[in-house]
Amino acid sequence: MAQRARLLKRLGFAIFSSPVDQYEPFLPEIQERLSECLRIVMAPPVHVQVFLCWRVLLVRMSANNLTAFWPVIISELIQVLLQMEQDLVTACKQYIRGKRKGAKGERQDPWLTLYLAACKLVDLVLALPASNLPQFQLYQWAFVGEQTQRRRLIGSSTTVVPPDFEPYLVRMANILDQEGLPECKPLKASAGRPLLNVDSLSSLVDLKPFIVGLVHAYQRTATTVIPSRRHHSSSHSDSEDSMSNGEFVEHLIAKDFLELS
């Protein structure tokens, strides 16, 4: 399993180091290798590298070349987020009881790393311009919801209509919105730039600033524009703040090649 994860990491780095669309002729074979890795059960280190490879493909392949990848990407993201939601409930209960680290029932580091990798992929696809990922726009509502809430007139008043489906990240934001959990300042979204800039987690509760910040950003009205900022969060260094959006995205991916096991 460890060897397969290393080989996947090498594949991702080779694609990341290449010009855009250089590996286009090999995409069917790449897709098959990634699908084979996903069929390995209980293998978080392997799946982490699959998520990293997908992030690389999103910035090194044209959108029309990735059409066949999206059903698998969305399906795997949903599976991981559903498991993450269950573990988040447990993590929050343990945090409130004062068991900050290593509590029984909370998944250990490989699973936390997998959840972080999944969140980084969601973060990237929401940060990249819609024109770069036209296929993902069909699925965005399932993760963060619509940017406008449905309303209806009841008598002389306007009432918000509850959604038939609650998006995955919205559900997790609601779980994190309970007494006993640490207060935090949600990360502020900036157009074209991912929010997550961390290398590891000690608990799923650590994702609260990211999840809440992302949900807040994408539940604004459609007329609200998320401005571009030089300073995005205290976790970004001065050198990162000076980067263009594209440079910042590639910087985050390059860091994961150095730091992910």
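Residues numbered from 1 in each chain as written. Predicted model: local features only at pLDDT ≥ 70, side-chain atom pairs only at ≥ 80, totals over all residues. Heavy atoms only, no water.

**Q** Hey, could you run me through the overall build of the protein chain in this one?
**A** Per the secondary structure count, the protein chain includes ten helices and two strands. Taken from N to C terminus, the helices and strands of the protein chain fall in the order α-α-α-α-α-α-β-β-α-α-α-α. Counting all 261 residues of the protein chain, 48% fall into the buried class. In the protein chain, 77% of the contacts between residues at least 6 apart in sequence involve partners at least 24 apart. For the protein chain, the exposed area adds up to about 13300 Å²; of that, 54% sits on carbon and sulfur atoms. (Helix = DSSP H or I, 4+ residues; strand = E, 2+ residues; numbered from the N terminus. Buried < 20%, exposed > 50% of the residue type's maximum accessible area, 1.4 Å probe, protein only. Contact = heavy atoms within 4.5 Å. Areas by Shrake-Rupley, 256 points an atom, 1.4 Å probe, with all protein chains shown as cover.)

**Q** Hey, could you run me through unusual backbone geometry in this one?
**A** Excluding glycine, a negative phi dihedral is what most residues carry, and trans is how most peptide bonds are arranged. For Asp21, which is not a glycine, the phi torsion comes out positive at approximately 70 degrees. In this structure, Asp21 sits in the loop between α1 (2-16) and α2 (27-38). For Met42, which is not glycine, the phi torsion reads 55 degrees and is therefore positive. Structurally, the position occupied by Met42 is in the loop between α2 and α3 (44-60).

**Q** It is not clear to me how the packing of α2 against α3 should be interpreted in this structure. Could you clarify?
**A** In a packed pair of helices, the relevant descriptors are the angle between the two axes and the axis-to-axis distance. Where α2 contacts α3, the two axes come as close as 9 Å, and the packing angle between them is 155 degrees. On the basis of their axis angle, the class for α2 and α3 is roughly antiparallel. Considering only the axes of α2 and α3, their crossing is left-handed. Counting all contacts with α2, which are made through Leu27, Leu34, Cys37 and Leu38, the residues of α3 involved are Val46, His47, Val50, Cys53, Trp54 and Leu57. Residue composition of the contact of α2 with α3, by class: nine nonpolar, one polar and no charged. (Axes fitted to C-alpha atoms, helices over the stretch in contact; angles between N-to-C directions. Parallel < 35°, antiparallel > 145°, perpendicular 65-115°, else oblique. Left-handed = near helix turned anticlockwise from the far one by under 90°. Nonpolar A, V, L, I, M, F, W, Y, C, P; charged D, E, K, R; others polar.)

**Q** Help me understand the pattern of salt bridges in this model?
**A** Side chains that carry opposite charge are capable of pairing whenever their charged atoms lie near each other. Following the criterion strictly, the structure yields seven salt bridges and no others. The shortest N-O distance in the salt bridge between Glu29 and Arg33 comes to 3.8 Å. A residue pair is termed a helical-turn pair when its members lie 3 or 4 positions apart in one helix, as Glu29 and Arg33 do in helix α2 at four residues. On the basis of relative accessible area, Glu29 is assigned to the partly exposed category, the value being 48%. Given the relative accessible area of 34%, Arg33 is considered partly exposed. (Salt bridge = Lys/Arg side-chain N within 4 Å of Asp/Glu carboxyl O.)

**Q** Could you clarify how one ought to interpret the state of the cysteines in this entry?
**A** Here a disulfide denotes a covalent bond joining the sulfur atom of one cysteine to the sulfur atom of another. In the structure shown here, the tally under the stated rule is zero disulfides. We note that Cys37 lacks a disulfide partner, and the nearest cysteine sulfur, in Cys53, lies 9.1 Å from it. Cys37 gets classed as buried once you look at its relative accessible area, which sits at 3%. (Disulfide = S-S within 2.5 Å.)

**Q** Is there a simple way to explain the packing of α3 against helix α5 (residues 109-127) in this structure?
**A** Taken N-terminus to C-terminus, the directions of α3 and α5 make an angle of 15 degrees; their axes are 9 Å apart at the nearest point. Between α3 and α5, the angle falls in the class roughly parallel. Crossing of α3 over α5 shows left-handed handedness. Across from Pro44, His47, Val48, Phe51, Trp54, Arg55 and Leu58 in α3, the residues of α5 making contact are Pro110, Trp111, Thr113, Leu114, Ala117, Ala118, Lys120, Leu121, Leu124 and Val125. A per-class count over the contact of α3 with α5 returns 13 nonpolar, two polar and two charged.

**Q** What's the story with the nonpolar core in this structure? I'm lost.
**A** General note: in soluble globular proteins, nonpolar side chains tend to be found buried as a group. Of all hydrophobic cores here, the largest spans 78 residues; its most connected members are Trp54 and Leu207. Look past the residues within four positions of Leu207 in its chain and what remains in contact with it is Met84, Leu116, Cys119, Leu196 and Leu201. (Core = buried A, V, L, I, M, F, W, Y, C linked by side-chain atoms within 4.5 Å.)

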